[in-house]
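Here's the letter readout for the chains.
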Amino acid sequence: MALDAIVEAIGNVIIDYVFHRVFYWSGWVVLKVITFGRYPPPQSQPHNRDFVAVFFLILLGIGATIFWYL
C-alpha cells in the first residue's frame, strides 16, 4: 500500500514536470506566433498555464493524426 502511494507520487511529479515544462513552453511559442504576441502574457501576469500546455498537446494530437492519414 505504501509502495503504491510512492509510485503514484513519483508518477504525478513526472507527469506534472513534463506537462508544465515541456508542453507549456512549446504551447507558449505556438500561441505567441498564432496570436501575434498577444497571448500568453509575460509570466509575471496571471494566465491559465494549463490551457497553454493543453493547447500544444491538442495540436500535437491533430498533427499526429494528419501525419498518420497522409
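For the structure itself, consult the block above.
Described in the following lines is the structure provided in the data block. (Residues numbered from 1 in each chain as written. Predicted model: local features only at pLDDT ≥ 70, side-chain atom pairs only at ≥ 80, totals over all residues. Heavy atoms only, no water.)

For the protein, the helix and strand inventory stands at two helices and zero strands. Relative to its length of 70 residues, the protein is extended, with a C-alpha radius of gyration of 16 Å against a globular reference of 11 Å. Along the first, second and third principal axes, the C-alpha atoms of the protein reach 50 × 40 × 15 Å. Looking at the 70 residues of the protein, the share that counts as buried comes to 16%. Within the protein, contacts between residues at least 6 apart in sequence are counted, and of these 52% link residues at least 24 apart. For the protein, the accessible surface area stands at approximately 5,700 Å², while carbon and sulfur atoms represent 73% of it. Measuring between centres, the 4 positive side-chain charges of the protein sit 24 Å from its 4 negative side-chain charges. (Helix = DSSP H or I, 4+ residues; strand = E, 2+ residues; numbered from the N terminus. Rg over C-alpha atoms; globule rule 2.2 N^0.38 Å. Buried < 20%, exposed > 50% of the residue type's maximum accessible area, 1.4 Å probe, protein only. Contact = heavy atoms within 4.5 Å. Areas by Shrake-Rupley, 256 points an atom, 1.4 Å probe, with all protein chains shown as cover. Lys, Arg positive; Asp, Glu negative; His and termini not counted. Charge placed at Lys NZ, Arg CZ, Asp CG, Glu CD.)

What follows covers unusual backbone geometry. The step from Tyr 39 to Pro 40 runs through a cis peptide bond, and the omega angle for that step is -5°. For Phe 36, which is not glycine, the phi torsion reads 55° and is therefore positive. One can find Phe 36 in the loop between α1 (2-34) and α2 (49-69).

What follows covers the environment of Glu 8. Turning to its location among the elements, Glu 8 is positioned in helix α1. Note: C-alpha distance between Glu 8 and Pro 41 (33 residues apart in sequence) is 33 Å.

Fair warning: the whole summary comes from geometry, so function is off the table for now.
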